[in-house]
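Here is how the chains run, residue by residue.
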Amino acid sequence: MHAALFLWQLWVAQPVGNAACAPCHAGELERHARSGHGRALRPAAVADHLQGLTRAEANGTRYRYPAGNRVEITKGGQSMQAVFDWAFGSGLYGITYVGQREGRWVEHRLTYYLDSKTADFTPGHRRSPPATLEDALGVRQSVADARRCFGCHATGVQPGDDATGPDLKQMTPGVQCERCHGPGAAHVKAPTAKNVLNPGRFPARQQVLICGECHRTPPAQNASREPELDDPLSVRFQPVGLMASNCFQKSGKLSCLTCHDAHDAPQRQKAAFYDAKCVGCHEGTGSKLRRAAQCKPDCVSCHMPKSTPVPHLTFTDHRIRAY
Ligand code: HEC
Ligand code: HEC
Ligand code: HEC
Ligand code: HEC
Ligand code: HEC
Ligand code: HEC
Ligand code: HEC
């Protein structure tokens, strides 16, 4: 099973839903429910964090949010209203509205950030004053972009036709069980290890590519829009950094699963948890694997530092090295 086939599953899955897994895998279900994956996309009307969002001002444009999924915009005496159906982002970092206007997908100009509990520009959007109310509302997405957004944040999305874009009829919002384990119907009926996809059984490199389908991979793996290693923004694309580090390249064993439970939030772990992972390899007497004398506990604080490449969003540098 290679990464391309994994991607293909995105379009064929007819999810049976997480509830079907519950009777036998309660532990995974419970952990997954508190991680970002399960809530990476929600209907805007029910996204609880958005209740903290009431108003914002940017470039002389005033935004009011009278309900979970509505925005009112006032600029130079003119005003408009719009409804957004979808809230992208679990609320661990930020939430961005996406909705349809006249058949086109639009990404809202402002994002609600949880660090400050305020709305500010969406990453990648121009900060210059908008020419029209529609510009103030957001940026239109191409059909291809809209497919990609839903494809990374949801389960069971169908490509749809080239005029309207992603078909959401069978979609379950969020990165749910079957988005990583493949269609579950056959396994639920007669569970064996053979009729369900388990990324844990792949070699390390393959595992990183599976996570990298959404968390991004370095240029050689991607056909387009690849993040570049030296771009400070690439810190948000963990596989790009990890695959560039000697720990990954020279061990042949390091993967995302060495340090993360794909079902749980990484912030739940203490420094000692990560230290044990590092020391697991860096305890040999071979000169290359031995640590320097100044290496104290909390390895990641020095070797995987945090940075804030765009306002409000802090990431961990996964290019493990001596800085
Ligand atoms: C009726 C109980 C049952 C249900 C429902 C069920 N599973 Fe399982 N699952 C099992 C059993 C039993 C195994 C172990 C099979 C073995 O080792 O032969 C297993 C194994 C797995 C594995 C590991 C496979 C491996 O490589 O060892 C995954 C992943 C998995 N299940 C995912 C799911 C998902 C996702 C769902 C919901 C769509 C689900 N299961 C529903 C009983 C169930
Ligand atoms: C289908 C796309 C997709 C795949 C595949 C995927 N992720 Fe994610 N992941 C996301 C999205 C989207 C988020 C952001 C969730 C949010 O809004 O907080 C995320 C967030 C995370 C987080 C931080 C969330 C938290 O709870 O703090 C970790 C850690 C993570 N993913 C690890 C992994 C690992 C490890 C793999 C591979 C086994 C993987 N992901 C595969 C889409 C994906
Ligand atoms: C290639 C897969 C992919 C695509 C396409 C994608 N996302 Fe994400 N998104 C992720 C992953 C992975 C994360 C978690 C890691 C991170 O924050 O970068 C994430 C995080 C987020 C977050 C949490 C805040 C943040 O920026 O970290 C928001 C909001 C979000 N995405 C919105 C969107 C919207 C809106 C679109 C489409 C316009 C989109 N995403 C397209 C994979 C994707
Ligand atoms: C982001 C991707 C992702 C999502 C979403 C996800 N899993 Fe997993 N799952 C994995 C990976 C990766 C492994 C392999 C873990 C390992 O071997 O370290 C795994 C392993 C498992 C296993 C085998 C556990 C074992 O001890 O061998 C079961 C069972 C399972 N998942 C069930 C579920 C269920 C149920 C859900 C939904 C609540 C779910 N998973 C959601 C990625 C995911
Ligand atoms: C799966 C094994 C493995 C794990 C886990 C691992 N490393 Fe490594 N690491 C290696 C190998 C192998 C090298 C390369 C040694 C050489 O140059 O021959 C390396 C190299 C390094 C280097 C030198 C970097 C460079 O650019 O030359 C540092 C620093 C380092 N590791 C720190 C860490 C820290 C900190 C952790 C935990 C966050 C960690 N490693 C986890 C295997 C591992
Ligand atoms: C050597 C250990 C290690 C490995 C391997 C690793 N991570 Fe992490 N990861 C961390 C640490 C440490 C954090 C920060 C946890 C915290 O903030 O408490 C983190 C945080 C994250 C986050 C949250 C956003 C951020 O950047 O802080 C995501 C998403 C993530 N990792 C994804 C991945 C993916 C995908 C892979 C595989 C390419 C991976 N990680 C491999 C240690 C690791
Ligand atoms: C206070 C910051 C700090 C902490 C904490 C720290 N290191 Fe280091 N580490 C460094 C610096 C600085 C170097 C580079 C030393 C040099 O080049 O002489 C280094 C070098 C290394 C090297 C490469 C040695 C070589 O000769 O190439 C490894 C491996 C390493 N650290 C592993 C670890 C591990 C494992 C931990 C946690 C147990 C850790 N470090 C904690 C600062 C730190």
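Residues numbered from 1 in each chain as written. Chains lettered and ligands numbered in written order. Predicted model: local features only at pLDDT ≥ 70, side-chain atom pairs only at ≥ 80, totals over all residues. Heavy atoms only, no water.

1. Regarding the coordination of the iron atom of ligand 2
Coordination of the iron atom of ligand 2 by the protein comes from His-37 (NE2) and His-215 (NE2), over a distance range of 2.0 Å. The coordination sphere of the iron atom of ligand 2 comprises 6 donor atoms, whose angles at the metal cover 86 to 179 degrees; the geometry is octahedral. With His-37 in the loop between helix H2 (26-34) and strand E1 (41-43) and His-215 in helix H7 (residues 204-215), this pair connects stretches of sequence that are 178 residues apart. A relative accessible area of 29% places His-37 in the partly exposed class. Looking at His-215, the relative accessible area reads 36%, which means it is partly exposed. (Donors = N, O, S within 2.8 Å, 3.2 Å for Na, K, Ca; no water. Tetrahedral: all angles 85-135°; square planar, octahedral: opposite > 155°, others 65-115°. Helix = DSSP H or I, 4+ residues; strand = E, 2+ residues; numbered from the N terminus. Buried < 20%, exposed > 50% of the residue type's maximum accessible area, 1.4 Å probe, protein only.)

2. Description of the site of ligand 5
The environment of ligand 5 is made up of 18 residues, and the closest members are Asn-246, Cys-247, Cys-278, Cys-281 and His-282. Within the side chain of Lys-250, one N or O atom sits 3.4 Å away from an oxygen atom of ligand 5. Contacts to ligand 5 include His-282, whose side-chain N or O atom sits 2.7 Å from a nitrogen atom. Within the residue set of the shell around ligand 5, elements represented by two or more residues are helix H9 (246-251), helix H11 (271-281) and helix H12 (299-303). Among the elements that make up the shell around ligand 5, the one with the highest residue count is H9 (4 residues). Its residues assigned to classes, the shell around ligand 5 comprises 10 nonpolar, 4 polar and 4 charged. (Near = heavy atom within 4 Å. Polar contact = N/O pair within 3.5 Å; in protein donor to acceptor, adjacent residues only side chain to side chain. Nonpolar A, V, L, I, M, F, W, Y, C, P; charged D, E, K, R; others polar.)

3. Brief notes about the coordination of the iron atom of ligand 5
Protein coordination at the iron atom of ligand 5: the donors are Cys-247 (SG) and His-282 (NE2), at 1.9 to 2.3 Å from the metal. Given 6 donor atoms and angles of 85 to 179 degrees at the metal, the environment of the iron atom of ligand 5 is assigned as octahedral. Taken as a pair, Cys-247 in helix H9 and His-282 in the loop between H11 and H12 lie far apart in primary sequence, 35 residues in all. Classification of His-282 by relative accessible area gives partly exposed; the value is 25%.

4. A word on the sheet that holds strand E5 (residues 78-83)
Sheet strands line up and pair through hydrogen bonds in the backbone, either parallel or antiparallel. If you trace the 4 strands from one edge of the open sheet to the other, you get E2-E3-E4-E5, paired in antiparallel fashion. The open sheet has two free edges, formed respectively by strand E2 (55-58) and E5, since each of these has just one partner strand. On average, adjacent strands in this sheet sit at an angle of 20 degrees to one another, irrespective of strand direction. Pairing between E2 and strand E3 (residues 61-67): 4 bridges, direction antiparallel. Of the residues in E3, the one forming a bridge with Ala-56 is Tyr-63. (Pairing = 2+ DSSP bridges. Axes fitted to C-alpha atoms, helices over the stretch in contact; angles between N-to-C directions.)

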